Amino acid sequence: MPHYELYYFDVRALAEPIRIIFALFDVPYEDHRVTNEQWDELKNDTPYGQLPVLKVDGFEIGQSSAIGRYLARKFGIAGQTPEEEAQADSIVDQYKDFIYFFRQFTSRTYYNEDPAEIKIVADTVVRPAAENYLAILKKVLANSKSGFLVGDSLTWADIVIADNLTSLLKNGFVDFKEEKQLGKFYEKIHAIPKIQEYVAKRKDTVV
Ligand SMILES: N[C@@H](CCC(=O)N[C@@H](CS)C(=O)NCC(=O)O)C(=O)O
């Protein structure tokens with residue numbers, strides 16, 4: 001088994017799908033939660049000056065989607081065919097488009113910026129983007145016979161989307177009483193025993 005080391009800040013955000021994949025397949029790894037002080041030292045030694053970074057026996061990978069896709073391929077949840085892989089990738093790309101907007105809220109929250117300004121960003125930037133993004137997810141789920149986003153089994157896209165729904169839920173950008181289909185999907189992914197076990201024990205954060 002390779003030696004895996006994950007470097008990220010002490011939040012779920014971009015690294016959590018990677019942590020969930022490791023939990024799902026019982027893969028041991030070192031979960032380095034980098035402090036802001038440590039980051040000043042580390043930044044220039046990372047491939048792209050950002051986190052997350054995954055080290056695999058010394059081999060380094062930057063970019064959260066590349067890491068997720070790499071592990072998904074290794075552990076068999078990238079998609080059953082090249083077409084399913086492309087579908088899973090495209091859903092993750094759609095999520096990346098959305099978090100461009102969501103992060104304008106989360107980064108201000110992380111750095112404790114003015115609550116009035118955070119509210120303006122939430123209402124004028126995140127809510128319209130979330131409406132568009134959630135409509136896309138609902139359309140994908142409406143076309144799914146299995147309840148998974150792609151094909152008839154779990155892919156890494158389900159993990160990425162379900163974990164981001166946790167963040168949307170915690171920050172009031174989705175309400176499963178209104179969005180029943182999304183709630184059903186969320187429950188389905190979180191009912192997978194290894195994921196349920198991990199989520200019950202993990203260090204929880206608002207994003
Ligand atoms: N596209 C990159 C974005 C990575 C990113 O924005 N990382 C942020 C934390 S969420 C970071 O490293 N910020 C510190 C910095 O830029 O100095 C990915 O998906 O991994």
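The rules behind each value
- Residues numbered from 1 in each chain as written.
- Predicted model: local features only at pLDDT ≥ 70, side-chain atom pairs only at ≥ 80, totals over all residues.
- Heavy atoms only, no water.
- UniProt positions renumbered as here; feature names shortened; annotations may be inferred.
- Helix = DSSP H or I, 4+ residues; strand = E, 2+ residues; numbered from the N terminus.
- Near = heavy atom within 4 Å.
- Polar contact = N/O pair within 3.5 Å; in protein donor to acceptor, adjacent residues only side chain to side chain.
- Nonpolar A, V, L, I, M, F, W, Y, C, P; charged D, E, K, R; others polar.
- Pairing = 2+ DSSP bridges.
- Right-handed = clockwise from strand over helix to strand, strands pointing away.
- Axes fitted to C-alpha atoms, helices over the stretch in contact; angles between N-to-C directions.
- Parallel < 35°, antiparallel > 145°, perpendicular 65-115°, else oblique.
- Left-handed = near helix turned anticlockwise from the far one by under 90°.
- Contact = heavy atoms within 4.5 Å.
- Phe/Tyr/Trp six-rings, centres within 6.5 Å; stacked < 30°, edge-to-face > 60°.
- Buried < 20%, exposed > 50% of the residue type's maximum accessible area, 1.4 Å probe, protein only.

Identification of the protein chain as glutathione transferase from Caenorhabditis japonica is taken from an unreviewed UniProt entry. According to UniProt, the comment filed for the protein chain under the heading Sequence similarities (unreviewed entry) is "Belongs to the GST superfamily. Sigma family." Recorded under Catalytic activity (unreviewed entry), the UniProt text for the protein chain is reproduced unchanged: "RX + glutathione = an S-substituted glutathione + a halide anion + H(+)".

(A) Unusual backbone geometry, seen in detail. At the junction of Leu-51 and Pro-52, the peptide bond is cis and its omega measures out at 15° in the coordinates. With respect to the helices and strands, the residue Pro-52 is situated in the loop between α2 (36-42) and β3 (53-56). In the Ramachandran plot, Asn-112 falls in the positive-phi region, its phi being about 50° despite a non-glycine side chain.

(B) Representation of the UniProt feature "domain: GST C-terminal" (unreviewed entry) in the protein chain in the model. As recorded in UniProt, the feature "domain: GST C-terminal" (unreviewed entry) lies at residues 81-207. Between the end C-alpha atoms of residues 81-207 there is a gap of 32 Å, over a span that is 72% helix and 0% strand.

(C) Examining the site of the ligand more closely. The full set close to the ligand counts 13 residues, and Lys-43, Gln-63, Ser-64, Lys-96 and Arg-103 are the nearest of them. Contact between the ligand and Leu-51: a nitrogen atom at 2.7 Å from a main-chain N or O atom of the residue. Within the contact set of the ligand, a nitrogen atom lies 2.7 Å away from a side-chain nitrogen or oxygen of Gln-63. Considered class by class, the residues forming the shell around the ligand number six nonpolar, four polar and three charged.

(D) Broad picture of the pairing of strand β2 (residues 29-33). By the bridge criterion, five bridges tie strand β1 (residues 4-8) to β2 in an arrangement that is parallel. Bridging from a neighbouring strand, Tyr-8 pairs with Arg-33 of β2. Once the chain exits β1 it traverses helix α1 (residues 16-24) before rejoining the sheet at β2, and the crossover so formed is right-handed.

(E) The environment of Thr-124, seen in detail. Within the fold, Thr-124 resides in helix α5 (residues 115-142). A polar atom in the side chain of Thr-124 sits 2.6 Å from the backbone oxygen of Ile-120.

(F) The arrangement of the packing of α1 against helix α6 (residues 156-170) in detail. In contact at an axis separation of 9 Å, α1 and α6 are set at 125° when each is read in the N-to-C sense. One element, α1, and the other, α6, form an angle in the oblique class. Where α1 crosses over α6, the handedness of that crossing is right-handed. Judged by residue contacts, Glu-16, Pro-17, Ile-20, Ile-21 and Leu-24 of α1 engage Trp-156, Ile-159, Val-160 and Asp-163 from α6. Looking at the contact of α1 with α6, its residues break down into seven nonpolar, no polar and two charged.

(G) Fine view of the pairing of β3. Note: β1 against β3, four bridges, orientation antiparallel. Across the sheet, residue Glu-5 finds its bridge partner in β3, namely Lys-55. Note that β3 and strand β4 (residues 59-62) share four bridges and pair antiparallel. Note on β4: the bridge partner recorded for Val-56 is Phe-59. What sits between the antiparallel neighbours β3 and β4 is a turn of two residues, in which Asp-57 has the positive phi angle 50°.

(H) Up close: the packing of aromatic side chains. Counting across every chain of the model gives 14 aromatic pairs. Aromatic side chains Tyr-4 and Phe-22 sit 5.0 Å apart centroid to centroid with 50° between the ring planes, which places their arrangement in the tilted category. Separated by 18 residues along the polypeptide, Tyr-4 in strand β1 and Phe-22 in helix α1 bring together distant segments of the chain. We note that Tyr-4, like Phe-22, is buried. Residues Phe-176 and Tyr-186 carry aromatic rings whose centres are separated by 5.0 Å and whose planes lie at 45° to one another, so their mutual orientation is tilted.

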